[in-house]
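Inside the fold
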Amino acid sequence: MSITDTPIHRETERGSGITVRSLITGVVMAICISVGTPYGNMVLRGSYLAIDFSTAGAIFLFFILVFFVHTALGLIHPRLGFTRAELIVVYIMAIVSCSIPTMGLTEYLLPIISGSTYYATPENEWATLIHPYIPTWLVPQDPSAVKFFYEGSPKGLGIAWSAWLVPMAAWIPMIFAIYFSMICIIVMLRKQWVVRERLAFPLAQAPLAMTADEPGKPSILKPFFKNSLMWAGFLIPFAVGSLRALHNYYNFIPTVVLETSLPIFRNTAVLRIALSFPMVGFSYFVNLDIAFAIWFFNLIARLQEGVFGIIGVTSSEKLYYAGGTPIVAHEGMGAMIVLVVFGLWSARSHLKDVFRKAFRGDPEIDDSDEILSYRVAVFGFLGSAFFIGWWLWMAGLALWVVPLYVAVMYLVFIAVTRVVAEGGIAAARAPLIASDFVTSGLGNTVLGPESLTALGFTFVWAADIRTFVMASCANGLKLAEDQLQRQKRSLFWAIALSIVVSLGASIWAVLYMSYTYGGINLNSWFFGPTGGPAYPFNYIAGEMNNPHGPDWTGWIATFAGGGVMAALMLARQQLLWWPLHPLGFAVSSISLTNYISFSVFLAWLFKTIILKYGGPTLFHRARPFFLGLILGQFTVAGVWLIIDFFTGMTDNNIYWV
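Heads up: these notes are all about the structure in this document. (Residues numbered from 1 in each chain as written. Predicted model: local features only at pLDDT ≥ 70, side-chain atom pairs only at ≥ 80, totals over all residues. Heavy atoms only, no water.)

**A few points about the packing of aromatic side chains**
Applying the stated rule across the entire model yields 66 aromatic pairs. For the ring pair Trp137 and Trp391, a centre distance of 5.6 Å and an interplane angle of 80° mean the geometry is edge-to-face. Separated by 254 residues along the polypeptide, Trp137 in the loop between helix 6 (126–129) and helix 7 (143–151) and Trp391 in helix 15 (residues 374–395) bring together distant segments of the chain. Residue class for Trp137 comes out partly exposed when judged on its relative accessible area of 24%. An aromatic cluster of three or more residues is present, and its members are Phe63, Phe67, Phe68, Phe224, Phe225, Trp231, Phe234 and Phe238. Arg21 extends its terminal NZ or CZ atom over the ring of Phe82, reaching a point 4.6 Å from the ring centre. Its end group placed over the ring of Tyr320, Lys318 keeps NZ or CZ at 4.9 Å from the ring centre. (Phe/Tyr/Trp six-rings, centres within 6.5 Å; stacked < 30°, edge-to-face > 60°. Helix = DSSP H or I, 4+ residues; strand = E, 2+ residues; numbered from the N terminus. Buried < 20%, exposed > 50% of the residue type's maximum accessible area, 1.4 Å probe, protein only. Lys NZ or Arg CZ within 6 Å of the ring centre and 35° of its normal.)

**Digging into unusual backbone geometry**
Leaving glycine out, the prevailing phi sign among residues is negative, and the prevailing peptide bond configuration is trans. One non-glycine residue, Glu125, lies in positive phi territory at about 60°. Tracing the sequence through the fold places Glu125 in the loop between helix 5 (106–118) and helix 6. For Glu125, a relative accessible area of 39% corresponds to the partly exposed category.

**A closer look at the nonpolar core**
Core analysis: the largest hydrophobic core is formed by 224 residues, its most contacted members being Trp171, Ile183, Leu392, Tyr405, Trp461 and Leu491. Element by element, the count of residues in this core is highest for helix 8 (residues 161–196), at 19 residues. With sequence-adjacent residues up to four places away left out, Leu392 is seen in contact with Met174, Leu397, Val402, Tyr405, Val406, Ala454, Thr458 and Trp461. (Core = buried A, V, L, I, M, F, W, Y, C linked by side-chain atoms within 4.5 Å. Contact = heavy atoms within 4.5 Å.)

**Focus: helix 26 (residues 591–647)**
Relative to the 84 Å expected for 57 residues at 1.5 Å per residue, helix 26 spans just 35 Å between its end C-alpha atoms, considerably shorter than the ideal helical length. The axis of helix 26 is deflected most strongly, by about 125°, at Gly614, and proline Pro616 appears within four residues downstream. Phi for Gly648, located one or two positions after helix 26, is positive at around 85°. (Expected span 1.5 Å × (residues − 1). Bend = angle between axes of the 7 residues up to and from the residue.)

**Observations concerning the environment of His247**
Relative to the helices and strands, His247 is located in helix 10 (residues 228–249). You can call His247 partly exposed: its relative accessible area is 26%. The spatial distance from the C-alpha of His247 to the C-alpha of Ala358 is 59 Å, given a sequence separation of 111 residues. The contact partners of His247, leaving out residues within four places of it in the chain, are Ile253, Pro254 and Thr255.

**Points about the side chain of Ser514**
By the secondary structure assignment, Ser514 is in helix 21 (residues 489–517). Here the side chain of Ser514 touches Val510 through a polar contact of 2.7 Å, landing on its backbone oxygen. (Polar contact = N/O pair within 3.5 Å; in protein donor to acceptor, adjacent residues only side chain to side chain.)

**Details of a nonpolar patch on the surface**
There is a patch of nonpolar side chains on the surface, built from Phe265, Ile300, Leu303, Val307, Ile310, Ile311 and Val313 and spanning about 540 Å² of accessible area. Inspection of the secondary structure assignment puts Val313 in the loop between helix 12 (288–311) and helix 13 (326–346). Residue classification places Val313 among the partly exposed residues on the basis of a relative accessible area of 36%. (Patch = residues over 30% accessible without salt bridge, like charges linked within 9 Å, V, L, I, M, F, W, Y side chains within 5 Å. Areas by Shrake-Rupley, 256 points an atom, 1.4 Å probe, with all protein chains shown as cover. Salt bridge = Lys/Arg side-chain N within 4 Å of Asp/Glu carboxyl O.)

**Quick word on the environment of Gly380**
In this structure, Gly380 sits in helix 15. In this structure, the C-alpha to C-alpha distance between Gly380 and Phe180, residues 200 residues apart in sequence, is 7.5 Å. Residues in contact with Gly380, not counting those within four places in the same chain, are Phe180, Cys184 and Arg375.

**Observations regarding the packing of helix 5 against helix 21**
Where helix 5 contacts helix 21, the axes come no closer than 9 Å and their chain directions differ by 50°. With respect to helix 21, the axis of helix 5 lies oblique. For the pair helix 5 and helix 21, the sense of crossing is right-handed. Between helix 5 and helix 21, the residues in contact are Thr106, Glu107 and Leu110 and Leu503, Ser506, Ile507, Val510 and Leu511, respectively. When grouped by side-chain class, the residues that make up the contact of helix 5 with helix 21 number five nonpolar, two polar and one charged. (Axes fitted to C-alpha atoms, helices over the stretch in contact; angles between N-to-C directions. Parallel < 35°, antiparallel > 145°, perpendicular 65-115°, else oblique. Left-handed = near helix turned anticlockwise from the far one by under 90°. Nonpolar A, V, L, I, M, F, W, Y, C, P; charged D, E, K, R; others polar.)

Here it is as structure tokens:
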């Protein structure tokens, strides 16, 4: 049954997609993600659906929307179905929402700002070392409210809202400023990345495929779901995931082991061999040279760790959330710095246009295709960065350190976003967090306890962050490039609405579950004494108790990594035959790359064989199979979370990456 190709339908399809029902649907999905994902990983302790850039929860809900809801509406009447533009808007709102509740922000924010009080003991001396330097507006001041947050409220008491009003009033404007500045940066870089460099954006391929119609043949059931090859790919992870889930219910049912490790160089390094169906799927859409470089340089990094371990090249430096050894982490940071600087230099012509439009209003420069005008983007970024710097200064960070920290923070966000957009790496974080870069590079003796305390609180938004709004917006603007032909400015308000709803809903959800069940009875990483709440204050106390100057070994490694990255980039530009893409070196020091590299290798191998023996035609025909791998993994994880909810099963985590 086909939709009648009426003029009204054609006009709607070319529209902005910002309609009442697309906004309502996007809000509903944002609420489901913001409430459901914390419940899933905190209460059920099941699969994480909003932990990485893959935005598993968004893809799962989008599958339900397109395959079931949209199809059902179309069967009732063809015009009741969503237009493709509307579906894209809903998906953009959903992926933005996925970047907030779990590893993006909320499940760190509330436990960290209360953990400084709850986990303070005479042994760790936080009360004497750290508490005097914490501004009162930064954390809850009511000890009983903090206790009930971790241990559960007495019956009938509920959430201690009054204790959280002041800290939330301080933190939420800061969070909004960070998110708005991220959007402004992506607006300034979008044309360079999407139009001029034509980055692959592998993570955007699944929603594009799910919403596509055959040319001139719009239909109720999308062609993607009529493809048998897609269902073949779908069934593989669905079957494997179901077996693993059923094993948790009935231990006589065999499970499937997807991960092992290979110790090398006398156990001084470990090579992870793990199969991630989504990463195989995403990596199929990555350029062959990038995919090759990712797994190749991961091997080199592991070999380097092993050789250094054998010959005794070590560093005693303590780094948090760093990948591999400190030396390798600093090398990776040097590579990331060069990646961003070189990228901005390559974009200098475009950025010059952006700033000329912003400051002079040059009429020859067209910014009508952006979700914000260049003037709003530039001044919005500058204003947000100034506010962030002022907030950090008020929190105790020395004024002269503020510009350095803010610059490194944005450098990390841009670098990781570039890695996601070009390399399709769904699980990544920075090789070195901004606070560690500052204390390692400057030494803690010049900072003082106030600055160290302020840097510790930046762990909320710039430490173990495996997803964030900038990367989601980058993928969203790629989707909007071809599918939202008119009124893109209104898309900004859809994104803003998703952020506001997601932040509010996820904060409420975490507070409600914590005061109902007691945080210490929930996810041990987000609430436990050795997890996220303790990391910032162990960092602060460690720096205070161990005064040191600049780590020169770290600086040497940083310059070495930057030098290698620069050489790789120059070779890439000057030598047409050069096979090693520099992006692979930039991500080789990230610990998560060790987990995904085998999956990237498999995708590279499959794609190489397909292109060699079948050419572009077979490559195109095989696309649905690899998209099915992505969709099948996320669907089985979502389905079993729902089943676990009704059965009361916990600790049934069948998904990673």
